[in-house]
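Each chain, letter by letter, is given below.
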Amino acid sequence: MSKGAAAAGVKGGKKKGSIFVIDCSKPVEDKIMEIASLEKFLQERIKVGGKAGALGDSVTVTRDKNKITVTADSAFSKRYLKYLTKKYLKKNVVRDWLRVIASNKDRNVYELRYFNIADQEGEEEED
């Protein structure tokens, strides 16, 4: 097997036929953000074949109550989904309070969680 054939088989850690979930339950329950706007943002910004918004049949973005599911038939990076989610948070000026974290339970799930501001304030009072 030549080097070219081995390199063509593995492309930068991308997987084929992936399902990723973004769990937005905490910020949506607190009415900090609307899940419909995140879904629309992802549909407009996900690039397929170098073109943003042209998802076609290869990538689908669906919403179930407080979760957004991204299903990709072709190669799709989980890190790219995190990048787009962080970009959305920054655009809506909630990036200072929320962060995107991979779930401990399922590796194909990202959760939006609050920064632990209470812990930091407690440490400052002790000083």
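Please read these numbers as outputs of a predicted model, since none were measured by experiment. (Residues numbered from 1 in each chain as written. Predicted model: local features only at pLDDT ≥ 70, side-chain atom pairs only at ≥ 80, totals over all residues. Heavy atoms only, no water.)

Overview of the side chain of S103
Test applied: Strands here are runs of E lasting at least two residues and helices are runs of H or I lasting at least four, both read from the DSSP assignment and numbered beginning at the N terminus. Any two residues whose heavy atoms approach within 4.5 Å are treated as being in contact.
With respect to the helices and strands, the residue S103 is situated in the loop between strand 6 (98-102) and strand 7 (109-114). S103 has contacts with V109 and E111, leaving out every residue within four places of it along the chain.

Concerning the pairing of strand 4 (residues 59-64)
Quick reminder of the rule: Two strands qualify as a pair provided DSSP detects at least 2 bridges between them.
Relative to strand 5 (residues 67-76), strand 4 runs antiparallel, the two being bridged by six bridges. The residue of strand 5 that forms the bridge with R63 is I68. Linking two consecutive strands that pair antiparallel, namely strand 4 and strand 5, is a turn of two residues; a positive phi of about 50° is found at K65 within it.

Considering the side chain of D23
Defined as follows: Residue exposure (1.4 Å probe, protein chains only): buried if accessible area is under 20% of the type maximum, exposed if over 50%, otherwise partly exposed. Positive: Lys, Arg. Negative: Asp, Glu. His and the chain ends are not part of the count. Each reported salt bridge corresponds to a side-chain nitrogen of Lys or Arg within 4 Å of a carboxyl oxygen of Asp or Glu. Side-chain atoms alone can form a polar contact between residues adjacent in sequence; in general such a contact is a pair of N or O atoms within 3.5 Å, and within protein one must be able to donate a hydrogen while the other accepts it.
Checked against the element boundaries, D23 lands in strand 1 (residues 15-23). Although buried, D23 forms no salt bridge, and the nearest oppositely charged side chain, K67, lies 4.8 Å from it. Within the local environment of D23, its side chain forms a polar contact with the side chain of S25, the two groups lying 3.1 Å apart. Beyond its immediate chain neighbours, meaning those up to four positions away, D23 contacts N66, K67, V109, Y110, E111 and L112.

Let's talk about helix 3 (residues 35-45)
One turn of an α-helix holds 3.6 residues; hence residues three or four places apart share an orientation. Let me state the cut-off plainly: Note that the arc is defined by the directions from the helix axis to the C-beta atoms.
When we look at burial in helix 3, the residues that qualify are I35, L38, E39, F41 and L42. Angularly, the buried residues of helix 3 cover 160° about the axis, an arc narrow enough to put them on a single face.

Things to note about the pattern of salt bridges
Under the criterion given, the structure shown has three salt bridges. With a closest N to O distance of 3.0 Å, R63 and E39 form a salt bridge. In this pair, R63 is assigned in strand 4 and E39 in helix 3, connecting sequence segments 24 residues apart. Judged by its relative accessible area of 41%, R63 is partly exposed. Between E111 and R113 there is a salt bridge, with the nearest N and O atoms lying 2.8 Å from each other. Looking at E111, the relative accessible area reads 16%, which means it is buried.

A short note on the nonpolar core
Cut-off, in case you're wondering: Among the buried residues, those of types Ala, Val, Leu, Ile, Met, Phe, Trp, Tyr and Cys that are joined through side-chain atoms within 4.5 Å form a nonpolar core.
Within the largest apolar cluster, 26 residues are counted, with the highest numbers of intra-cluster contacts made by M33, L42, I46 and V70. Ignoring anything within four residues of it in the chain, the contact list for I46 reads K51, A52, G53, L55, V59, V61, V70, F76, Y80 and L84.

Quick notes on the confidence of the model for the protein chain
Which entries qualify depends on this criterion: The pLDDT value tells you how sure the predictor is about a given residue, anywhere from 0 up to 100.
Residues at a pLDDT of 70 or more form 79% of the protein chain, whose mean pLDDT is 82. Per-residue pLDDT, averaged within each element of the protein chain, yields its smallest value for helix 1 (residues 3-9) (41) and its largest for helix 4 (residues 78-91) (93). Contacts from residues 1-12, a stretch scored under 50 in pLDDT, to residues over four places away or in other chains number one contact.

Notes on the packing of helix 3 against helix 4
Rules: Axis lines are fitted through C-alpha atoms, for helices just across the contact stretch, and the angle between N-to-C directions can take any value from 0 to 180 degrees. With respect to orientation, any angle under 35 degrees is reported as roughly parallel, any angle over 145 as roughly antiparallel, any angle of 65 to 115 as roughly perpendicular, and every other angle as oblique. It is the rotation of the near helix from the far one that decides the hand of a crossing: anticlockwise by less than a right angle makes it left-handed, clockwise makes it right-handed. Just so you know the grouping, Ala, Val, Leu, Ile, Met, Phe, Trp, Tyr, Cys and Pro go in nonpolar, Asp, Glu, Lys and Arg go in charged, and all remaining residues, Gly too, go in polar.
Where helix 3 meets helix 4, the closest approach of the two axes is 10 Å, and the angle between their N-to-C directions is 125°. If you check the angle between helix 3 and helix 4, you find them oblique. Both helix 3 and helix 4 take part in a crossing whose hand is right-handed. Packed against helix 3, whose contacting residues are S37, L38, F41, L42 and R45, the element helix 4 presents Y80, L81, L84, K87, Y88 and K91 at the interface. Tallied by class, residues from the contact of helix 3 with helix 4 come to seven nonpolar, one polar and three charged.

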